[in-house]
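Below, each chain spelled out in residue letters.
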Number of protein chains: 2
Amino acid sequence: MSAGHTDVTEEQELVCDTPPDECGVRDLVDRIGGKWSAYVLVELAAGMRRFKELQRAIPGGVSQRMLTLTVRHLERDGLLTRTVRPTVPPQVEYELTEMGRDCTTLIRALADWEVAHRPAITAHRAAFDAANPGFTGR
Amino acid sequence: MSAGHTDVTEEQELVCDTPPDECGVRDLVDRIGGKWSAYVLVELAAGMRRFKELQRAIPGGVSQRMLTLTVRHLERDGLLTRTVRPTVPPQVEYELTEMGRDCTTLIRALADWEVAHRPAITAHRAAFDAANPGFTGR
DNA sequence: CCGTATCCAACTAGATACTG
DNA sequence: CAGTATCTAGTTGGATACGG
């Protein structure tokens, strides 16, 4: 670089180019950044699911409590609907809303990106770890 | 599972429609799901930044520690480069890699989605809160 | 200026037990 | 089956102080 860009003066103004005070990033991460939210959305993208089905579909195994909190949170934000059917035993079905499907498409794009670039990322990590043997906070 | 819903047979197969064991969602969230990663990437999308510039650009104010951890993590994954210039006082510049720019585009799409739908989300929340006065875990 | 180290507060997540 | 409640462990994040 050096020679090329020379006097930096303003560069690109030091703001992220989505203008307003908030880029939406913070809220976005707060909303679907939970450990399970993305999984629930992606699973629900395949169709309506009952509570237990959701729980069993998520890799790693989510506890009842966390799944409850997650779906409630998503329901509150209008990303999915919760339908209680007065059968016995009780049955509760979760389904994405229009907005939820919309959002899930984007999440899926990110997930697909991750899968595609995983080899490259793994390689970078190995190189970094080799170059920084004593790096704490990995 | 007595009378009502009987044998469900297969429904939609109970798997998320990205076939493999992992949808990439978990790793993705682990990677850029941190409180600051997305912000750093978006800010860096506007161009090279020095440490202090990054810190001041991020709304809410990130501590030195967290910013250090975040950029190190992103550097390790190959999403940005860290260049130390032996000047005095020291100067360290961060810049997105090709892969980082790629990823940031998708994050930006999600952030833009959030901004566009924020009114709807807010409305849903208000309705939900009104309907569930005693909801703990908001 | 750019970090690292230490300590501490807050939040997140799991296990378990109990209710409708 | 589908939660709720409680308690606890682990992790994340912030403040501060200090070193290169």
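First, a word on what this report is: a plain description of the structure on this page. (Residues numbered from 1 in each chain as written. Chains lettered and ligands numbered in written order. Predicted model: local features only at pLDDT ≥ 70, side-chain atom pairs only at ≥ 80, totals over all residues. Heavy atoms only, no water.)

1. So, the relation of the copies chain B and chain A
Counted only if it meets this: Our superposition of the copies is a least-squares fit, built on the C-alpha atoms of residues whose pLDDT is at least 70 in both. It only takes one pair of heavy atoms within 4.5 Å for two residues to be counted as in contact.
Structural alignment of chain B on chain A gives an RMSD of 0.1 Å, achieved by rotating through 180° and translating 0.0 Å along the axis. What the superposition gives is, in effect, a two-fold axis relating one chain to the other. Proximity to the rotation axis, assessed at the C-alpha, singles out G33 of chain B in chain B; its C-alpha lies 2.7 Å from the axis. Most of the interface of chain B is mirrored in chain A: 93% of its interface residues are interface residues there too.

2. Some thoughts on the packing of helix 2 (residues 37-44) of chain A against helix 5 (residues 98-131) of chain A
Residue and element names in this part refer to chain A. Put simply, the rule reads: Fitting a line to C-alpha atoms yields each axis, with helices limited to the stretch in contact; the angle taken between N-to-C directions then spans 0 to 180 degrees. Segments assigned H or I by DSSP are reported as helices when at least four residues long, segments assigned E as strands when at least two residues long, and all are numbered from the N terminus. Each angle receives one of four descriptions, namely roughly parallel if under 35 degrees, roughly antiparallel if over 145, roughly perpendicular if within 65 to 115, and oblique otherwise. By the definition used in this description, the sense in which the near helix is turned from the far one sets the handedness, with an anticlockwise turn below a right angle giving left-handed and a clockwise turn giving right-handed.
Interaxial distance between helix 2 and helix 5 falls to 9 Å at its minimum, and their mutual angle equals 110°. Taken as axis vectors, helix 2 and helix 5 run roughly perpendicular relative to one another. Crossing angle aside, the handedness with which helix 2 passes helix 5 is left-handed. Taken together, the residues of helix 5 that come into contact with helix 2 (itself represented by A38, L41 and V42) are T104, I107 and R108.

3. Quick notes on the protein's contact with DNA strand C
What counts here: Here a residue is considered near a molecule or strand provided that any single heavy atom belonging to it is located within 4 Å of it. Polar contact is defined as a pair of N or O atoms within 3.5 Å, subject to the rule that within protein one atom must be able to donate a hydrogen and the other to accept it, and that residues adjacent in sequence are counted only when both atoms are side-chain atoms. Residues were grouped as follows: Ala, Val, Leu, Ile, Met, Phe, Trp, Tyr, Cys and Pro as nonpolar; Asp, Glu, Lys and Arg as charged; and all remaining residues, including Gly, as polar.
Looking at DNA strand C, there are 20 residues lining it, with R65 of chain A together with T68, R72, R82 and Y94 of chain B nearest. Each atom of DNA strand C within 4 Å of the protein belongs either to a base or to sugar and phosphate, the latter forming 59%. Within the side chain of W36 of chain A, an N or O atom sits 3.4 Å from a phosphate oxygen of DNA strand C. One of the side-chain nitrogen or oxygen atoms of R50 of chain B is found 3.3 Å away from a sugar or linking oxygen of DNA strand C. Those elements that place two or more of their residues in the surface near DNA strand C are helix 4 (64-76) of chain A together with helix 3 (51-57), helix 4 (64-76) and strand 3 (91-96) of chain B. Here the surface near DNA strand C gets four residues from one element, more than from any other, and that element is helix 4 of chain B. For the surface near DNA strand C, the residue count by class is eight nonpolar, five polar and seven charged.

4. Comments concerning the sheet that holds strand 1 (residues 49-50) of chain B
Residue and element names in this part refer to chain B. Condition: Any two strands with at least two DSSP bridges between them are considered paired.
Here three strands make up an open sheet; going across it, the order is 1-3-2 and the pairing antiparallel. Only two strands of the sheet have a single partner each, and these edge strands are strand 1 and strand 2 (80-85). Summarising the sheet, strand 2 and strand 3 pair through six bridges and their orientation is antiparallel. Of the residues in strand 3, the one forming a bridge with T81 is E95. Sheet contacts for helix 2 (residues 37-44): strand 1, strand 2 and strand 3; angle to strand 3, the most-contacted strand, approximately 90°. Packing of helix 4 onto the sheet brings it into contact with strand 2 and strand 3, and relative to strand 2 it is tilted by some 115°.

5. With respect to empty space enclosed by the protein
Applied cut-off: Throughout, the protein atoms alone are placed on a 1 Å grid, and a set of points is a cavity if a 1.4 Å probe fits but cannot get out or a pocket if it is open with protein on both sides within 12 Å along at least five of seven lines; lining residues have an atom within 4 Å of a point. Grid points are joined across faces, edges and corners, and a volume is the space filled by probe spheres set on the points.
Enumeration over the complete set of coordinates arrives at one cavity of 30 Å³ or more. Size it by volume and the largest cavity reaches roughly 180 Å³. In terms of lining residues, the largest cavity is bounded by 17 residues, among which L28, I32 and L110 of chain A together with I32 and L110 of chain B are the most central. Each residue belonging to the lining of the largest cavity can be placed in one class, and the counts come to 15 nonpolar, two polar and no charged.

6. Considering helix 4 of chain B
Note the cut-off: Under the convention used throughout, the expected extent of a helix is 1.5 Å for every residue step, that is, one less than its residue count. Whether a residue is buried, partly exposed or exposed follows from its accessible area with a 1.4 Å probe, protein chains only, as a fraction of its type maximum: under 20%, in between, or over 50%, in that order.
End to end, helix 4 of chain B covers 18 Å across 13 residues, agreeing with the expected 18 Å (1.5 Å per residue, within 8%). Those residues of helix 4 of chain B not exposed but buried are L67, T70, V71, R72, L74, E75 and R76 of chain B. Looking at the packing, one finds that the buried side of helix 4 of chain B touches helix 5 of chain A together with helix 2, helix 3, strand 2 and strand 3 of chain B. G78 of chain B lies just past helix 4 of chain B and shows a positive phi near 80°.

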